[in-house]
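# A look at the structure
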Amino acid sequence: MKKKKCIAMLLAGGQGARLFALTNTVAKPAVSFGAKYRIIDFALSNCYNSGIDTVGVLTQYQPLILSEYLGNGEPWDLDRTYGGLHVLPPYQAKVGGEWYRGTANAIYQNLHFLNQYDSDHVIILSGDHIYKMDYSKMLSEHIATDADCTIAVIDVEPKEASRFGIMDYDSNKLITSFEEKPAKPKSLHASMGIYIFRKSVLVDELAADEEDKNSSNDFGKNIIPNMLEGKRRVCAYQYEGYWRDVGTLKSLWETNMNLLGRNPEFGLNGQGGNKIYSRNDALPPAYLGSDAKVQNSIMTSAEIFGTVVNSVLGEGVTVGKGAVVKDSVIMRGTTIEEGAKVSYSIIDEEVVVGANSKLMGESSDNLVLVGRGVMLDKGSIIKAGDIVEGGTV
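Described in the following lines is the structure provided in the data block. Keep in mind it's a predicted model, so treat the numbers as computed, not measured. (Residues numbered from 1 in each chain as written. Predicted model: local features only at pLDDT ≥ 70, side-chain atom pairs only at ≥ 80, totals over all residues. Heavy atoms only, no water.)

### Some details on the sheet that holds strand β29 (residues 375–376)
Strand pairing in a sheet relies on backbone hydrogen bonds. The paired strands run either parallel or antiparallel. One open sheet accounts for six strands, arranged β14-β17-β20-β23-β26-β29; its pairing is parallel. Each edge of the open sheet is held by one strand with a lone partner, namely β14 (287–288) and β29. Both strand β20 (residues 318–319) and strand β23 (residues 335–336) contribute to a ladder of two bridges, which runs parallel. Across the sheet, Val319 pairs through a bridge with Ile336, a residue of β23. (Pairing = 2+ DSSP bridges. Helix = DSSP H or I, 4+ residues; strand = E, 2+ residues; numbered from the N terminus.)

So, in structure tokens, the structure goes:
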């Protein structure tokens, strides 16, 4: 078989605990986003747009909905005879099996996949970020600089820096220091969790890490610092485009709101860069009743009989007569019954908000969250900051 230039390993097994009820039954990369997408669509579409046709998706936490959504990879042109999309859960081997212990161990447990598709380079991706990026440009720079590893870097705000791996690099883009989530960051150069490795180097580093019984088996905590200590050539690739880690309710809400024209560099249908693809690309337009009022909102195949302002509504959402939805994210299959008032809320899939209920979020810092499948009785009052999950309320 023809040797591949670069294959992708996409880490999609995270729990996403800071999204609370949204990830009780689904992996974070499978959380709905932007009316017709799921978060994982971004990394997969980036692979397609970058000419990467072999992707291993490493799943672990609550994989059912994610695996079903991925299917054979056809929406992202990954339904291929040689290569394509492969879901890689932890498995029971002849000499034993175990859960992935960390990001590095997850890749180590799938070295058979890397060896099956011979390639010169491997790109490691996270399945839980919102961004559009041409990985081929990063790969070209990685090859040109003769790097053992190249890390995608974005500059962040000082208040955000301690959430990321932070590094320094010189005028030749050589990384001189790296610290994972430092209490006192020395720079604002943050790792995006995107790494391109020379494959032979990656295999050696993973094997050495696996031998270290004190290791957390993590790229940021162990692999990268060990490479720097071992004088490996680790380079930075400075990224200037839109990128968001949607690991909190506030960041998820804000990133959805960016779709409403509040951030001109962020477009999904080709504007500002390549298109983002989804399994739901062919959804019909929304139906608007005679009394419907819609202002500055995005929706797909929804039925609107009330008022929707500054909101993002997913597939099959219904907003009843006299209901008002403002500054909110409403995910697929949810019904907002007549007379209900919803503001600054994130409502998960297949929820019923009873007639004349009031969901009274106040800001991006004080949202209402309603988890998947909840049925709110009519007249329910949910206050700002409340999280509702599990059955009928």
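### Some points on the pairing of strand β4 (residues 54–58)
Extensive coverage of β4 is indicated by the burial of five of its five residues. Burial along β4 is two-sided: the residues Thr54, Gly56 and Leu58 and Val55 and Val57 are all buried. Both strand β1 (residues 4–11) and β4 contribute to a ladder of four bridges, which runs parallel. Within the sheet, the bridge partner assigned to Leu10 lies in β4 and is Val57. Bridge analysis of β4 against strand β5 (residues 84–88) gives five bridges, and the strand direction is parallel. By the bridge assignment for β5, Leu58 is matched with Leu88. (Buried < 20%, exposed > 50% of the residue type's maximum accessible area, 1.4 Å probe, protein only.)

### Some points on the nonpolar core
Grouped together as the largest cluster of nonpolar side chains are 65 residues, with contacts concentrated most on Met133, Tyr135, Ile194 and Ile346. Those residues in contact with Ile346 that lie beyond four places of it in its chain are Leu22, Leu249, Leu252, Trp253, Val329, Met331, Leu367, Val368, Leu369 and Val370. In this structure, Ala104, Val122, Ile151 and Ala236 belong to the second largest nonpolar core, which totals 33 residues. (Core = buried A, V, L, I, M, F, W, Y, C linked by side-chain atoms within 4.5 Å. Contact = heavy atoms within 4.5 Å.)

### Quick look at the packing of helix α6 (residues 199–211) against helix α7 (residues 219–229)
Where α6 meets α7, the closest approach of the two axes is 11 Å, and the angle between their N-to-C directions is 115°. Classified by the angle between their axes, α6 and α7 sit roughly perpendicular to one another. As for the relative orientation of α6 and α7, their crossing is right-handed in sense. Of the residues in α7, those in contact with Val201, Leu202, Glu205, Leu206 and Asp209 of α6 are Phe219, Asn222, Ile223, Asn226 and Met227. Residue classes in the contact of α6 with α7 are distributed as six nonpolar, two polar and two charged. (Axes fitted to C-alpha atoms, helices over the stretch in contact; angles between N-to-C directions. Parallel < 35°, antiparallel > 145°, perpendicular 65-115°, else oblique. Left-handed = near helix turned anticlockwise from the far one by under 90°. Nonpolar A, V, L, I, M, F, W, Y, C, P; charged D, E, K, R; others polar.)

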